Amino acid sequence: MRSTTPRAALRRVAGALAAAGLLAAGSLALSAPARAAGPVMGFGGPAETALHPYPASGGPQRTSVAITVDNPSRDEEHGRFEGEYTVTFDLGGIAGVAEAVFGTEDGADCEITGTTGVCHDTGLAPGTNPLPELRVGAAAGSRDGDSGTIRVTGTADGAAFAPFTTRIVIGGPDLVMERAPLEQELEPGRTQPFPLAFANHGTRAAEGVVLTLMYTRGIEFTERYENCVYREDDAGQGVPVWTTALCSVEGSYEVGAVYELAEPLMLRATQRAYRDTLVYRIDEAGPGARGAQRAPGARSAPGTTGNVLTLKAVPAVPAVRSSDLEPADNQQEADFSTANTADFAAYGDTASGLPGSTVGADIGFRNEGPAWIGNLRSGDPVATVDFTVPEGASVSAWPGTCRGVTADGQYREQQAGAPRYVCDTSMAVREDAGLALHFDLKIAEAVTGASGKVEVRGARPRDPLLPFDPDRGNNTAALVLNPDDAGDPGAAGGSTSGSSGGGGPTADASAPAASASADATATAAPAGSRAGTGGRLAATGTGAATAAGAAAAALLAGGVLYTAARRRPGH
């Protein structure tokens, strides 16, 4: 076994679900640690796992049951548990129902004897650590609907483990979302129908379903529905980037049947669209879903009091392949490209001071729109502010999101007094946002009109152009120290600040105003510091954080609902 970071563990635990973009809410459970003299480790994993029934010929199809162990310490430097520990899997509860084996690729010290699996290892990093992969398949002679439990316990000198139980069941629904025929090259304002459809290829009916729609800032549905709950996802940074609609529809969705929306949804590219993503998913409803709906801290709003989103059955098609037998095929995604632009306008500043004094300067850029820009797939920064320090001055404090480099942009160990600083945005920049950066500069020599360049460019130095920004004329501005007049420092909106004798800077009324809801203003770090707070625009994406944020949204039930679902022809 091996330890890993929480993010790596999340990817491992999620498996195919994380790759698909959503985790099934209510499908993960955690053991409840009790009080102990030493650290108490908690196990985690799926509350229930559905298995394909034992086949008429060939071997069983095995499914991974990803169990993790959580070290409650969050001290990355000193919180590691260094001792030896043993994890025991009691498989007696699934005897005659399922059979389990450990994955061979882990190289772990694990063995199954009879109905007991035992793993030995040393060391648990703070946070979530994956245990060796336990692969489970239906046992010969088991029947659809059979179930049992696996109990996981642990022992170690100097630590305790809270026991954990996970349920194994044979058979279940297998909801498969079909790919919708959507136009993906769009124009602002373009509206198109979204004919969503799904099928059940499992062994039993799904009792109620939840349709999850996640869409980025540049696209929207023209109507909101009474049986849907809508949530804005700002990734915890105050800038909404994703909207999630969770629509609950009652009814029995039979094996072999295909269902579609009674009326197609209408999807529109807004005036701020550029590169956008739509995720659409289907899950069986259940108690876990209702719990997710009532989860504390969930910021959501009901739909309108008008129309109800409904489903209807259509003629079945051959199979293309909660406790869903194949959760990875519950979801589809579509990426859209809209013919649009954004205008990133740099701004500089002016400041004056005597030799030996320290002055403050505020620089950065604003997105004048109309498009929002996001790199949600890659997670890469949207842009970089590249600042060259004016002659006669050195930087004594800088934003924590900036790094000092050499004059030609290479790595530099000493961060204070660098001739140049580069500051990345996050992976999303809203259409009314920007990046505001504050620097403190110590004046060594009062050079009249000393000018430093402020440039907003692509995040890769070898590819500095911003492909979405055709107006390159305002991508640069100047930071001018000790100007010979009060002229414009070459900024798209400027400010004047100054100090003498080490006094604090004062900002002119013409300083560019940052939108409180969209801009994250970077604070300066102490001299010699490489880290600080602020400086990055709020962002979101489809990586582990977005997947975890969408977990509670993947299942939702309740409300006054209606369905036109019926049994497939011949039933």
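In what follows, the structure referred to is the one given above.
All values derive from a computational prediction rather than experimental measurement.

Some points on the sheet that holds strand β27 (residues 311-314)
- Taken together, the four strands give an open sheet; going across it, the order is β15-β18-β23-β27, and neighbouring strands pair in antiparallel fashion. Looking at the sheet topology across the chains shown, the edges are occupied by β15 (175-177) and β27. For this sheet, the mean inter-axis angle between neighbouring strands, taken without regard to orientation, is 30°.
- Here strand β18 (residues 197-200) pairs with strand β23 (residues 258-261) via three bridges, running antiparallel. In the strand pairing of β23, Ala 199 is matched with Val 258.

Focus on the state of the cysteines
- One pass over the structure, following the stated rule, counts three disulfides.
- Note on cysteine connectivity: Cys 110 is disulfide-linked to Cys 119, with sulfurs 2.1 Å apart. With the S-S dihedral at roughly 120°, the linkage between Cys 110 and Cys 119 falls on the right-handed side.
- For Cys 228, the disulfide goes to Cys 247, at an S-S distance of 2.0 Å. Residues Cys 228 and Cys 247 are joined by a disulfide whose S-S torsion is about 110°; by sign, that bridge is right-handed. Pair noted here: Cys 228 is in strand β21 (residues 228-233) and Cys 247 is in strand β22 (residues 242-253), with a separation of 19 residues, a long-range link. No difference in accessibility class separates Cys 228 from Cys 247, as the two residues are buried.
- Disulfide partners in the protein chain, listed by the sequence order of the bonded cysteines, are 1-2, 3-4, 5-6.

Quick notes on the packing of aromatic side chains
- Inspection of the entire model under this criterion finds 15 aromatic pairs.
- Taking the centre distance of 5.9 Å and the plane angle of 50° together, the rings of Phe 198 and Tyr 253 count as tilted. In this pair, Phe 198 sits in strand β18 while Tyr 253 sits in strand β22, placing the two residues 55 residues apart along the sequence. Like Tyr 253, Phe 198 is buried.
- A cation over a ring is seen here: Arg 224 above Tyr 230, with NZ or CZ 4.2 Å from the ring centre.
- Its end group placed over the ring of Tyr 274, Arg 275 keeps NZ or CZ at 4.1 Å from the ring centre.

Topic: the nonpolar core
- If you look at the biggest cluster of nonpolar residues, it comprises 39 residues, and the most contacted ones within it are Phe 344, Phe 387, Phe 439 and Leu 441.
- Among the elements of the structure, β29 (342-347), β31 (358-370), β33 (384-388), β34 (393-399), β36 (420-424), β38 (434-443), β39 (450-457) and β40 (476-481) are those that each provide at least two residues to this core.
- With residues near it in sequence (within four places) discarded, Phe 439 still touches Val 359, Gly 360, Ala 361, Ile 363, Phe 387, Val 395, Ala 397, Trp 398, Pro 399, Cys 402, Tyr 421 and Cys 423.

The rules behind each value
- Residues numbered from 1 in each chain as written.
- Predicted model: local features only at pLDDT ≥ 70, side-chain atom pairs only at ≥ 80, totals over all residues.
- Heavy atoms only, no water.
- Pairing = 2+ DSSP bridges.
- Helix = DSSP H or I, 4+ residues; strand = E, 2+ residues; numbered from the N terminus.
- Axes fitted to C-alpha atoms, helices over the stretch in contact; angles between N-to-C directions.
- Disulfide = S-S within 2.5 Å.
- Buried < 20%, exposed > 50% of the residue type's maximum accessible area, 1.4 Å probe, protein only.
- Phe/Tyr/Trp six-rings, centres within 6.5 Å; stacked < 30°, edge-to-face > 60°.
- Lys NZ or Arg CZ within 6 Å of the ring centre and 35° of its normal.
- Core = buried A, V, L, I, M, F, W, Y, C linked by side-chain atoms within 4.5 Å.
- Contact = heavy atoms within 4.5 Å.

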